[in-house]
Amino acid sequence: MVFKALSDPNRRQILKLLSDAPLSAGEISREFDLALSTLSGHFKLLKEAGLIREEKKGNHIFYNLNTSVMEEALNLMMEIFKKDKPQLHTIKQKGQ
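Keep in mind that this is a model prediction, so the values were computed, not measured. (Residues numbered from 1 in each chain as written. Predicted model: local features only at pLDDT ≥ 70, side-chain atom pairs only at ≥ 80, totals over all residues. Heavy atoms only, no water.)

Participant: Is there a simple way to think about the overall build of the chain in this case?
Facilitator: Along the backbone of the chain there are six helices and three strands. Overall, the chain shows an N-to-C arrangement of helices and strands of α-α-β-α-α-β-β-α-α. Looking at the chain as a whole, 30% of its 96 residues qualify as buried. Residue pairs in contact within the chain that sit at least 24 positions apart in sequence constitute 51% of those at least 6 positions apart. Roughly 7000 Å² of accessible area belongs to the chain as shown, and the carbon and sulfur atoms make up 53% of that amount. (Helix = DSSP H or I, 4+ residues; strand = E, 2+ residues; numbered from the N terminus. Buried < 20%, exposed > 50% of the residue type's maximum accessible area, 1.4 Å probe, protein only. Contact = heavy atoms within 4.5 Å. Areas by Shrake-Rupley, 256 points an atom, 1.4 Å probe, with all protein chains shown as cover.)

Set out below in structure tokens:
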């Protein structure tokens with residue numbers, strides 16, 4: 001679910017905005033030329049992936065970045081693309 005959430009440029013931009021500080025839904029919406037229902041769908045997917053948290057304060061909803069999930073995703077990506085891991089053809093040769 002994390003990689004699906006990261007696959008959309010609008011969702012990546014939301015995460016970038018939240019990397020500085022928590023923001024209200026209204027503050028985030030001003031940065032996009034998207035319908036509120038579309039943004040709401042992006043927020044929902046980011047929450048389901050655990051990338052953002054939602055906090056209600058009065059009549060406003062504030063979002064903040066869940067850095068621990070972001071760190072896990074980045075560590076996984078670094079591990080996947082690590083340069084010193086064995087190449088596929090080396091692994092096949094050892095298994096023969």
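Participant: Any chance you could explain the pattern of salt bridges here in plain terms?
Facilitator: Any two side chains of opposite charge can pair, so long as their charged atoms come close to each other. If you walk through the whole model with that rule in mind, you get three salt bridges. Here Glu 48 ties to Lys 44 by a salt bridge, and the two come within 3.5 Å at their closest N and O atoms. Residue Glu 48 and its partner Lys 44 are both found in helix 4 (residues 36-48); the two are separated by four residues, about one turn of the helix. (Salt bridge = Lys/Arg side-chain N within 4 Å of Asp/Glu carboxyl O.)

Participant: How should the packing of aromatic side chains be read in this particular structure?
Facilitator: Aromatic ring pairs are reported here in terms of the distance separating the ring centres and the angle at which the planes meet. By the definition in use, this model includes one aromatic pair. Ring centres of Phe 43 and Tyr 63 lie 4.3 Å apart, and the angle between their planes is 25°; this geometry places the pair in the stacked category. With a gap of 20 residues between them, Phe 43 in helix 4 and Tyr 63 in strand 3 (residues 60-65) connect regions that are remote in the sequence. Under the relative-accessibility criterion, Phe 43 is labelled buried at 5%. (Phe/Tyr/Trp six-rings, centres within 6.5 Å; stacked < 30°, edge-to-face > 60°.)

Participant: Help me understand the nonpolar core, please; the structure alone is not making it clear to me.
Facilitator: In globular proteins that are soluble, nonpolar side chains generally tend to be buried together. Ranked by internal contacts, the top residues of the largest apolar core, which has 21 residues, are Ile 14, Leu 18, Ile 28 and Leu 51. Sorting the residues of this core by element identifies helix 1 (2-6), helix 2 (9-18), helix 4, strand 3 and helix 5 (67-80) as the ones contributing at least two each. Excluding residues within four positions of it along the chain, Leu 51 makes contact with Val 2, Ala 5, Leu 6, Leu 15, Leu 46, Asn 64, Leu 65, Asn 66, Val 69 and Met 70. (Core = buried A, V, L, I, M, F, W, Y, C linked by side-chain atoms within 4.5 Å.)

Participant: What am I meant to see in the side chain of Asn 66 here?
Facilitator: By secondary structure assignment, the location of Asn 66 is in the loop between strand 3 and helix 5. Of the polar contacts made by the side chain of Asn 66, one reaches the side chain of Ser 68; its length is 3.0 Å. Setting aside chain neighbours within four positions, we find Asn 66 in contact with Gly 50, Leu 51, Ile 52 and Arg 53. (Polar contact = N/O pair within 3.5 Å; in protein donor to acceptor, adjacent residues only side chain to side chain.)

Keep in mind these values describe shape, not function.
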